[in-house]
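Read off the chains here:
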Amino acid sequence: MDHARQHFFRILIISLSCLLSIAFSVDSQVPEVQIVVNPSVESKDLSVAQIRRIFSMRQTTWSNDTKITVYVLSNQHQTHQAFSTKVLGMFPYQLDRIWNKLVYSGLGEEPIKVKSEQEMLERVSQKPGAIGYVMQQVNDNNVKVIKVLEE
């Protein structure tokens, strides 16, 4: 009986190891969300808390008093969903609620919505102080990729 139990646990451990290695290899192939800013932005990195403040429209200027222009994709866009959950740690509808409260209370404005990652890169590159996000590889010298500092 003990020999059969040991054999069963060996098979179980090997199976779980195989499943975990497959899960990690699939996860590592998923592109990361990258925060992009206009080259006029002096920052090279931002904390998650700073990114939350910026995208919830509570921080409206950079440290040099340049106005922050925030660009986002629609709630249904895969990149926006990944950005909201993985970077901000909230669901897209929660972000929408924050923006709606600001707009309807008259205390702020919502970010500018763009239709594609390509449009995101174009708009961010053209507007000093602009910020956005993409999942595609950025090979554009007209925008700067910001490092996200984990808290």
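All values derive from a computational prediction rather than experimental measurement.

A. Broad picture of the pattern of salt bridges. Scanning the entire structure with this criterion turns up two salt bridges. Notably, a salt bridge pairs Arg123 with Glu119, separated by 3.1 Å at the nearest N-O pair. Pair noted here: Arg123 and Glu119 are both in helix H5 (residues 117–126), with a separation of four residues, about one helical turn. A relative accessible area of 29% places Arg123 in the partly exposed class.

B. Expanded view of helix H3 (residues 78–88). Those residues of H3 that sit buried are Thr79, His80, Ala82, Phe83, Ser84, Val87 and Leu88. Buried residues along H3 sit against strand S1 (34–37), helix H2 (48–55), strand S3 (69–72), helix H4 (92–105), H5 and strand S5 (130–134).

C. Main features of the nonpolar core. Phe55, Phe83, Ile131 and Tyr133 are the most contacted members of the largest nonpolar core, which has 36 residues in total. Residue assignment for this core shows that the elements contributing at least two residues are S1, H2, S3, H3, H4, H5 and S5. Tyr133 has contacts with Val33, Gln34, Ile35, Val36, Phe55, Tyr71, Val72, Leu73, Thr79, His80, Phe83 and Met120, leaving out every residue within four places of it along the chain.

D. Just H2, in detail. Here H2 has its buried residues at Val48, Ile51, Ile54 and Phe55. Buried residues of H2, seen end-on, are gathered within an arc of 120° and therefore sit on one face of the element. Met57 sits one or two positions beyond H2 and adopts a positive phi of about 65°.

Each value, and the rule that gives it
- Residues numbered from 1 in each chain as written.
- Predicted model: local features only at pLDDT ≥ 70, side-chain atom pairs only at ≥ 80, totals over all residues.
- Heavy atoms only, no water.
- Salt bridge = Lys/Arg side-chain N within 4 Å of Asp/Glu carboxyl O.
- Helix = DSSP H or I, 4+ residues; strand = E, 2+ residues; numbered from the N terminus.
- Buried < 20%, exposed > 50% of the residue type's maximum accessible area, 1.4 Å probe, protein only.
- Contact = heavy atoms within 4.5 Å.
- Core = buried A, V, L, I, M, F, W, Y, C linked by side-chain atoms within 4.5 Å.
- Arc of directions from axis to C-beta.

Just distances and angles here, no functional claims.
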